[in-house]
Amino acid sequence: MRKDATVVSSLFIAAALILPAVNSWTAEGQPSRKAPPDAVMEAQMPRDVPATRPEQQRGSHDQSDVFHATKAEPSSTAFKNQPDEGKILGFDFYRDPLDAKKPMMTFQEVYQKDAGEKPKVMETQRRLLESRYDLRPRLAPDVKMSRGKPIAVGPTARLAKGTTWESLAAMNPADMRSKNLFPYPPLPHPKQVNGGQVFPQIQIDMFPRLQRFDVDFDLPDAFLPEFPPAIFLQNRPELGDVSRGEVVSINNYYRLFKDLLTPVQLDGLRMLVTPFPQEEFNPTDDRKSPQPSLGVACLDCHVNGHTTAQFHLSPDIRPQERRFRLDTVSLRGLFNQQVHSSKRSLRSVEDFSEFEQRTAYFNGDEIHAAKKGMNIISRVQVSHMAQMQNMFDVPPAPKLDPAGFLYPAQATQSEMAGQQVFFGKGRCGVCHPAPFYLDHMMHDLQLDRFTREPGDGPIKTFTLRGIKESPPYMHDGRCLTLEDTVKFFDLVLGLRLTQQEQNDLVAFLRVL
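Residues numbered from 1 in each chain as written. Predicted model: local features only at pLDDT ≥ 70, side-chain atom pairs only at ≥ 80, totals over all residues. Heavy atoms only, no water.

A. Region of interest: a nonpolar patch on the surface. Taken together, the side chains of Phe93, Tyr94 and Ile367 present a nonpolar region at the surface, about 370 Å² in accessible area. With respect to the secondary-structure elements, Tyr94 resides in the loop between helix 2 (39-44) and helix 3 (107-132). On the basis of relative accessibility, which here comes to 63%, the residue Tyr94 falls in the exposed class. (Patch = residues over 30% accessible without salt bridge, like charges linked within 9 Å, V, L, I, M, F, W, Y side chains within 5 Å. Areas by Shrake-Rupley, 256 points an atom, 1.4 Å probe, with all protein chains shown as cover. Salt bridge = Lys/Arg side-chain N within 4 Å of Asp/Glu carboxyl O. Helix = DSSP H or I, 4+ residues; strand = E, 2+ residues; numbered from the N terminus. Buried < 20%, exposed > 50% of the residue type's maximum accessible area, 1.4 Å probe, protein only.)

What follows is the structure, given as structure tokens:
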């Protein structure tokens, strides 16, 4: 009897510990887990100390304006007879912030202007998104990502009044374009003129240094990948997810991986979690962070070797208004890819790692990079970074055989039917062949046939392995769910898939 009582007591204790962990990820009112200390923030922020010593006191000279450029005394009185009295009265690149509206514009003026515009900017983007999408998340009851986050179900696109999916599928591209009916036009950056990397709030809550004062993330959390994402290593597949529920950072990378990686790979990981100056996060007046910043790390964007749907602008296009929104892609399965970056068609992981510093980090602008802190990485360290990136594996797909096709005995009838659509009527397998569901090429969907915006030209095909864990979809995130993506291609490729065929195709995509 005493033993039974002890067992019951133990079960109550276990239940008390387990129940908080199994609550829905959408549950409100739950106490948030305290964010771990951020070594990067600690390193760049000095401590406030009492001003008790004489040398700490700020006198009238310290607070005067004699340090301003406009107060500098000329080196010669003869300048009064020269043009502009020898002064540079126009823009001076090293001194004036990027896109300053006048010479000598200060950071405080930029901050006040951008911060003041932010509510209107985000309200405008909210209205745009709500006019295009139903943003109320509908969650799949039985399909989850690797760490348990349910995936959102679509389609979410709002159709024009009087329009149905069937009527759209029967319409030719020219009519769809002239009537502005295509439901998946390009998704814009909330503030195109500034552009740059924008992080979701779930990530900023843990790493406040990634907060911008001019713009916020715009998509609801339900349509984003997990945070933190799972990590799978192709050198240790038997371990499954090795993240242990943590976001890998400069704080914990050694503790988490010292027994899983080689010294070379571990050094590459160190580089991937080390922050370097970036266009919007740097020490200069060009930054969009309230405080000067050491920058961002590769794995700030590619969190845990994956993504949390951070976005920026394609660095490969000019002028500014012609550039398109670009989602951060996953590094999972990078070892099996022969083309890297959406537009640049880089042919090695090493080149990708090195040129990210000169393109994505600084919008493809080495002139700004020199001002803000371009980092020239040695090819030895580049090779270490590449070796580490090549360790990130895609999630397990237990229903797929070694050739990448479904085991008939393990798949559902819908999944088997979806596989047939994928490699048949749907023509998906043309660009996404098994086993990795990637053709290592760039393709032009010629979307200017359907929208009033210019097309994007050839863009790299991305692998569909583990695709359910990488929403939103397309290079700019315009398709919030897999259902939206199937609808998109049904229209773009003129497939005329039935609704059942589309449902089956989604079922197949979910098990890849």
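B. A look at the packing of helix 8 (residues 263-272) against helix 12 (residues 379-389). Running from N to C, helix 8 and helix 12 point in directions that differ by 100°, and their axes come no closer than 7 Å. In this view, helix 8 runs roughly perpendicular relative to helix 12, as classed from their interaxial angle. Between helix 8 and helix 12, the residues in contact are Val264, Gln265, Asp267, Gly268, Leu269, Arg270, Met271 and Leu272 and Gln381, His384, Met385, Gln387, Met388 and Gln389, respectively. Each residue belonging to the contact of helix 8 with helix 12 can be placed in one class, and the counts come to six nonpolar, six polar and two charged. (Axes fitted to C-alpha atoms, helices over the stretch in contact; angles between N-to-C directions. Parallel < 35°, antiparallel > 145°, perpendicular 65-115°, else oblique. Contact = heavy atoms within 4.5 Å. Nonpolar A, V, L, I, M, F, W, Y, C, P; charged D, E, K, R; others polar.)

C. Focus on the side chain of Thr308. By the element assignment, Thr308 lies in the loop between helix 9 (298-301) and strand 3 (311-313). A polar contact is formed between the side chain of Thr308 and the side chain of Gln203, at a distance of 2.9 Å. Within the structure, the side chain of Thr308 is placed 2.8 Å from the side chain of Gln310, a separation counted as a polar contact. If we skip the residues at most four places from it in the chain, Thr308 touches Pro200, Gln203, Leu224, Pro225, Glu226, Phe227, Cys301 and Val303. (Polar contact = N/O pair within 3.5 Å; in protein donor to acceptor, adjacent residues only side chain to side chain.)

D. Quick peek at the packing of aromatic side chains. In the structure shown here, the tally under the stated rule is 20 aromatic pairs. Of the aromatic side chains, those joined through ring pairs into one cluster are Trp165, Phe182, Tyr184, Phe450, Phe488 and Phe489. The ring of Phe311 carries Arg325 above its face, with NZ or CZ at 3.6 Å from the centroid. The ring of Phe93 has Lys371 lying over it, and the distance from NZ or CZ to the ring centre is 4.9 Å. (Phe/Tyr/Trp six-rings, centres within 6.5 Å; stacked < 30°, edge-to-face > 60°. Lys NZ or Arg CZ within 6 Å of the ring centre and 35° of its normal.)

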